[in-house]
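Listed here are the chains, written in short residue letters.
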Amino acid sequence: MEAEGRENHSGYMIRKEKETGSVLKAGKKIIFLDIDGTLVSAMAPPSALAASAVRAARANGHKVFLCTGRNMPIIGDDILSIGFDGVIASAGSHVEAEGRVLLDSLLEEETIQECLDVFHAQGMFCRIETPDGIYTDPQMEKLLLMTHPGPENSELIRMQKEIEAGILIQPYEKYPKKGAYKICFTSKSLEAVERSRELLGERFDYAVHAYADSSSCYNGEIIPKENGKERGMEMVCGYYGARMEDTVAFGDSMNDYGMMKAAGMGVAMGNACEELKRIADAVCGSVWEDGVYYALRGMKLA
């Protein structure tokens, strides 16, 4: 299949397929599901009800996409085996529909190193996510293991569970320095996060995840303003000749904020952070209560 590559003004390499998919049938929806804290809880396998809801929605003619901050290597087979029409990964930097790559956008290594310099100067620790794997500062794992996140911080819980599960996360010294999709950060100080935002905020959206007043660890990620989950949704809609009004999105954390605002129907999980609940069109049950299943059934999509 012929594809075209181009480099935009920020130095991202973008690959977009020239072909489009089948037209979305009238009355059908494109459903976008975050993974952690939405489809699954704390790196657990998807529940039977969640899996059945996805399959039923697809059987009813709707399209269902994963829309996650995870990079492709850590979306497990237990999730993919449910069956989806595509995936938006790395918080919007990688987009696939029906097995076709619509976007694969890597930050140039020069930009990665500039961001790392900013974070490290503030005493922050980083996690670099690439097409092949994940690389972290060694101090980040130590900080994660001594932290006690609240249930609304699904991203921090996931990173802790990855360590417990032995998922291969390599030290920064093995990072091949060939560009990456995104950078996640942890910090002992919220002030350090804000100082880094002053230097990087013009080029990146900051998703700072939920924290308590007594937090000893603040975590988040930077998302290129040109990308984001909502940009991936727009690409998928273009692929099917659909409108954003035809979309339904489920999420729980701050990297779902743009997706939730852009969707025709934004549904926050019952365990979602309060900022997300405030802008959502609806709030469903929590991930532990199979909120996605009951919401899709209630909307007569599954």
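Structure's up top.
Below you will find a few notes about this structure.

**Regarding the sheet that holds strand β3 (residues 30–33)**
Thought 1: Across the sheet, eight strands lie side by side as β7-β6-β5-β4-β3-β14-β15-β16; this open sheet has mixed pairing. Sheet topology places β7 (100–104) and β16 (282–283) at the edges, where each strand pairs with a single neighbour.
Thought 2: Of the pairings in the sheet, the one linking strand β4 (residues 63–67) to strand β5 (residues 86–89) comprises three bridges and is parallel in character. Paired with F65 across the bridge in β5 is G86.

**Section: the packing of aromatic side chains**
Thought 1: Under the criterion given, the structure shown has eight aromatic pairs.
Thought 2: Within the aromatic cluster, the residues linked to one another by ring pairs are F32, F65, Y239 and Y240.

**Observations regarding the sheet that holds strand β9 (residues 134–136)**
Thought 1: Pairing is mixed in the open sheet, where six strands are placed in the order β10-β9-β8-β11-β13-β12. With partners counted over all chains shown, the strands left at the sheet margins are β10 (170–171) and β12 (204–208), one partner each.
Thought 2: Two strands pair when backbone bridges link them, and strand β11 (residues 182–187) and strand β13 (residues 218–224) are joined in this way by five bridges, in the antiparallel orientation. By the bridge assignment, I183 is partnered in β13 with I222.
Thought 3: Together, β8 (125–129), β11, β12 and β13 form the strand contacts of helix α3 (residues 109–121), whose direction differs from that of β11 by roughly 5 degrees.

**Here's the deal with the environment of I75**
Thought 1: Relative to the helices and strands, I75 is located in the loop between β4 and α2 (77–80).
Thought 2: Its relative accessible area of 4% is what places I75 among the buried residues.
Thought 3: I75 sits 14 residues away from A89 along the chain, and the two C-alpha atoms are 8.8 Å apart.
Thought 4: Those residues in contact with I75 that lie beyond four places of it in its chain are I35, L66, T68, R70, L80, V87 and A89.

**Here's the deal with the environment of L116**
Thought 1: On the secondary structure map, L116 appears in helix α3.
Thought 2: Considered as a pair, L116 and I128 are 12 residues apart in the sequence and their alpha carbons are 9.4 Å apart.
Thought 3: Leave out the neighbours within four places in its chain, and L116 touches C126, I128, Y172 and I183.

**Looking at the pattern of salt bridges**
Thought 1: Summed over all chains, the structure comprises 12 salt bridges.
Thought 2: Measuring nitrogen to oxygen at the nearest pair gives 2.8 Å for the salt bridge that ties D205 to K225. Separated by 20 residues along the polypeptide, D205 in strand β12 and K225 in the loop between β13 and α7 (229–240) bring together distant segments of the chain.
Thought 3: In this structure D205 comes out as partly exposed when scored by relative accessible area, which is 33%.
Thought 4: Taking relative accessible area as the criterion, K225 reaches 32% and is therefore assigned partly exposed.
Thought 5: Connected through shared salt-bridge partners, D34, K229 and D256 make up one network.

**Concerning the nonpolar core**
Thought 1: One finds I31, L33, L39, F84 and F250 to be the most contacted residues of the largest nonpolar core, which totals 30 residues.
Thought 2: Those elements giving two or more residues to this core turn out to be β3, α1 (48–59), β4, β5, β14 (247–251) and α10 (291–298).
Thought 3: Per element, the largest residue contribution to this core is five residues, and it comes from α1.
Thought 4: The contacts of L39, once residues within four sequence positions are left out, are L33, D34, P46, A50, V54, L66, I79, F84 and V287.
Thought 5: Within the second largest apolar cluster, 22 residues are counted, among which are C115, C126, A192 and Y218.

Parameters and conventions
Residues numbered from 1 in each chain as written. Predicted model: local features only at pLDDT ≥ 70, side-chain atom pairs only at ≥ 80, totals over all residues. Heavy atoms only, no water. Pairing = 2+ DSSP bridges. Helix = DSSP H or I, 4+ residues; strand = E, 2+ residues; numbered from the N terminus. Phe/Tyr/Trp six-rings, centres within 6.5 Å; stacked < 30°, edge-to-face > 60°. Contact = heavy atoms within 4.5 Å. Axes fitted to C-alpha atoms, helices over the stretch in contact; angles between N-to-C directions. Buried < 20%, exposed > 50% of the residue type's maximum accessible area, 1.4 Å probe, protein only. Salt bridge = Lys/Arg side-chain N within 4 Å of Asp/Glu carboxyl O. Core = buried A, V, L, I, M, F, W, Y, C linked by side-chain atoms within 4.5 Å.

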